[in-house]
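Notes for the structure review
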Amino acid sequence: MKTSWNYKEFFKVNNKVGQNEKLDFAMYFASSWLIYVISAIVILWGYFKFNGSVTFWFMFLALGISIFFGLIASFTISLFWSQKRPIAVLKDIKQLIIPFQTWKSFPSDHTLISFLFALMPLYFGASFFFVLALFLLSAVVGYGRVYVGVHYPYDIFGGFLLALIISPLSFFLTLILVF
C-alpha cells in the first residue's frame, strides 16, 4: 500500500464511511449537490444585489469565463500530471459515489468550480462574511469528495489553487472583453 501523506490522509477521511449514516448522507450531498447550492447562492446574490443590471450580467459572464478556462486548465494539467482516482489505484476504499471516469483525479473539478463561485463575489463588493461562508461551503465540497472516495486531498488542494489563479485572470479578461 502507498504510504505518502496524500494516501494516509485519504484513508483517515475515507475510513469514516459507514460509521455514521447521517454523516454519510451529508458528505454524499456535499460532494454531489452542494456545488449547485453554492452556484445558486452566488447567482441569486448577484441578481438581487445588482437588480438584474448590467453589473449582474458582467458577473455572470465572468463566472462563465472562469469556469470555461478553469476546466480547460484542469484538463490540460491532468494530461501532463496524470493521477488516477483512488478506486483505480487503492484497495479497500469505501465509495459512496461511482465516478464517470477513473483516469483523472487531479485537480478536482468540483472543488475548482466551487471555489470559482466563492471567489467571484469578492470582485463585486461582497461582504467578508458572505465570502467566508462561501469558502467554508466550498471546503465542505472538497472534503466531501475525499470522504466519498473519489479524490485525494492533493486533488482538492490543486482545485483550490487553480481557482485562486483562474478567478482573477478571468475577471480581468472579462473586463478587457467588455470595456
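All values reported here derive from a predicted model rather than from experimental measurement. (Residues numbered from 1 in each chain as written. Predicted model: local features only at pLDDT ≥ 70, side-chain atom pairs only at ≥ 80, totals over all residues. Heavy atoms only, no water.)

1. Looking at the pattern of salt bridges
Tallying each qualifying case throughout the model produces 2 salt bridges. Here Lys12 and Glu9 are joined by a salt bridge, their closest N and O atoms 3.1 Å apart. Of this pair, Lys12 and Glu9 both sit in helix H1 (residues 5-14), 3 residues apart, which is roughly one turn of that helix. Taking relative accessible area as the criterion, Lys12 reaches 54% and is therefore assigned exposed. Measuring nitrogen to oxygen at the nearest pair gives 3.2 Å for the salt bridge that ties Asp109 to Lys104. (Salt bridge = Lys/Arg side-chain N within 4 Å of Asp/Glu carboxyl O. Helix = DSSP H or I, 4+ residues; strand = E, 2+ residues; numbered from the N terminus. Buried < 20%, exposed > 50% of the residue type's maximum accessible area, 1.4 Å probe, protein only.)

2. So, a nonpolar patch on the surface
A cluster of nonpolar residues, Phe25, Tyr28, Phe29, Trp33, Tyr36, Val37, Ile41 and Leu96, forms a patch on the protein surface that exposes about 750 Å² of accessible area. The set of elements that each furnish at least two residues to the nonpolar patch consists of helix H2 (21-32) and helix H3 (34-50). Position of Leu96 relative to the elements: it lies in the loop between helix H5 (86-89) and helix H6 (109-119). (Patch = residues over 30% accessible without salt bridge, like charges linked within 9 Å, V, L, I, M, F, W, Y side chains within 5 Å. Areas by Shrake-Rupley, 256 points an atom, 1.4 Å probe, with all protein chains shown as cover.)

3. A look at the packing of H6 against helix H8 (residues 153-178)
Two elements in contact, H6 and H8, have axes whose closest approach is 8 Å; the angle formed by their N-to-C orientations is 40°. By the criterion of interaxial angle, the relationship of H6 to H8 is oblique. Crossing hand, H6 versus H8: right-handed. Contacts from Thr111, Leu112, Phe115, Leu116 and Leu119 of H6 reach H8 at Ile156, Gly159, Phe160, Leu162, Ala163, Leu164, Ile166 and Ser167. (Axes fitted to C-alpha atoms, helices over the stretch in contact; angles between N-to-C directions. Parallel < 35°, antiparallel > 145°, perpendicular 65-115°, else oblique. Left-handed = near helix turned anticlockwise from the far one by under 90°. Contact = heavy atoms within 4.5 Å.)

4. Quick look at helix H7 (residues 128-147)
Look at H7: 28 Å from first C-alpha to last across 20 residues, which is about the 28 Å you get at 1.5 Å a residue. Against the buried residues of H7 lie H1, H2, H3, H6 and H8. Gly149 occupies a position one or two residues after H7 and carries a positive phi of about 95°. (Expected span 1.5 Å × (residues − 1).)

5. Description of the packing of aromatic side chains
The final tally for this structure, using the stated rule, is 27 aromatic pairs. Here Phe56 and Phe60 contribute two aromatic rings whose centre-to-centre distance is 6.0 Å and whose plane-to-plane angle is 35°, an arrangement assigned as tilted. Taken together, the residues span about one helical turn, with Phe56 and Phe60 both in helix H4 (residues 54-80) at a distance of 4 residues. By relative accessible area, which is 4% here, Phe56 ends up buried. Look at Phe128 and Phe129: their rings are 5.3 Å apart centre to centre, the planes differ by 75°, and that puts the pair in the edge-to-face class. Judged by its relative accessible area of 64%, Phe129 is exposed. Aromatic ring contacts, followed pair by pair, group Trp45, Phe50, Phe58, Tyr123, Phe124, Phe130, Phe171, Phe172 and Phe179 into a single cluster. (Phe/Tyr/Trp six-rings, centres within 6.5 Å; stacked < 30°, edge-to-face > 60°.)

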